[in-house]
Amino acid sequence: MGIDGGYVRAAHKEGFFEVIAGRSVVAFRRAADDEVLESKCFGYVQTYDEKPRRRLYERMKSQGLQDHQQVVFLSDAGEDVRRVQTYLQPQSEHWIDWFHITMRITVLQQQTKSLQSEANRATEAAEWSAQIDSVKHLLWQPRHWIE
């Protein structure tokens, strides 16, 4: 399941509200002649919907989710999104998507630039910067993972 949260401006610029949205995908077959259920999209506003997590759980059950079935969540690892994931399936896997990993790497790279301005840490910062560049390159060039 891919899931993410974001803030949307209310009508007439009267504040913001958080929207949680995503897509639930059943990507396997138990047997060759089994029908694969279509993916289902969802979205809700936490402060407006009375039972959003319950509705989402029921949507997943309609796709064949069993009570203790393993689910893989792909998200930005935001606090509100993680709470939804933990509610739905506490024992599931939680992966951060590549875009948000890249954003975190970019923040690290910016921090090395501030270290470079410090007199006695310039060499150390340059080494860190090179290592971070290497990680970012591997993330964007997955064919190197195999080599």
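Anyway, here's the lowdown on the structure attached to this text. (Residues numbered from 1 in each chain as written. Predicted model: local features only at pLDDT ≥ 70, side-chain atom pairs only at ≥ 80, totals over all residues. Heavy atoms only, no water.)

Focus: the pairing of strand S5 (residues 93–96)
Here comes step 1: Where strand S4 (residues 72–75) meets S5, four bridges bridge the pair, whose relative direction is parallel. Note on S5: the bridge partner recorded for Val72 is Glu93. (Pairing = 2+ DSSP bridges. Helix = DSSP H or I, 4+ residues; strand = E, 2+ residues; numbered from the N terminus.)

A look at the packing of helix H3 (residues 98–116) against helix H4 (residues 122–140)
Here comes step 1: In the contact formed by H3 and H4, the axes pass within 9 Å of each other and the chain directions differ by 165 degrees. Here H3 lies roughly antiparallel to H4, going by the angle between them. As for the relative orientation of H3 and H4, their crossing is left-handed in sense. Residue-level inspection shows Trp98, Ile101, Thr102, Ile105, Thr106, Leu108, Gln109, Thr112, Leu115 and Gln116 of H3 in contact with H4, the latter providing Ala122, Ala125, Ala126, Trp128, Ser129, Ile132, Asp133, Val135, Lys136, Leu139 and Trp140.
Here comes step 2: Tallied by class, the residues present in the contact of H3 with H4 amount to 13 nonpolar, six polar and two charged. (Axes fitted to C-alpha atoms, helices over the stretch in contact; angles between N-to-C directions. Parallel < 35°, antiparallel > 145°, perpendicular 65-115°, else oblique. Left-handed = near helix turned anticlockwise from the far one by under 90°. Contact = heavy atoms within 4.5 Å. Nonpolar A, V, L, I, M, F, W, Y, C, P; charged D, E, K, R; others polar.)

Quick notes on the pairing of S4
Here comes step 1: The side-chain alternation of S4 yields one buried face, formed by Phe73 and Ser75, and one unburied face, formed by Val72 and Leu74.
Here comes step 2: Considered for its hand, the β-α-β crossover made up of S4, helix H2 (residues 79–88) and S5 is right-handed. (Buried < 20%, exposed > 50% of the residue type's maximum accessible area, 1.4 Å probe, protein only. Right-handed = clockwise from strand over helix to strand, strands pointing away.)

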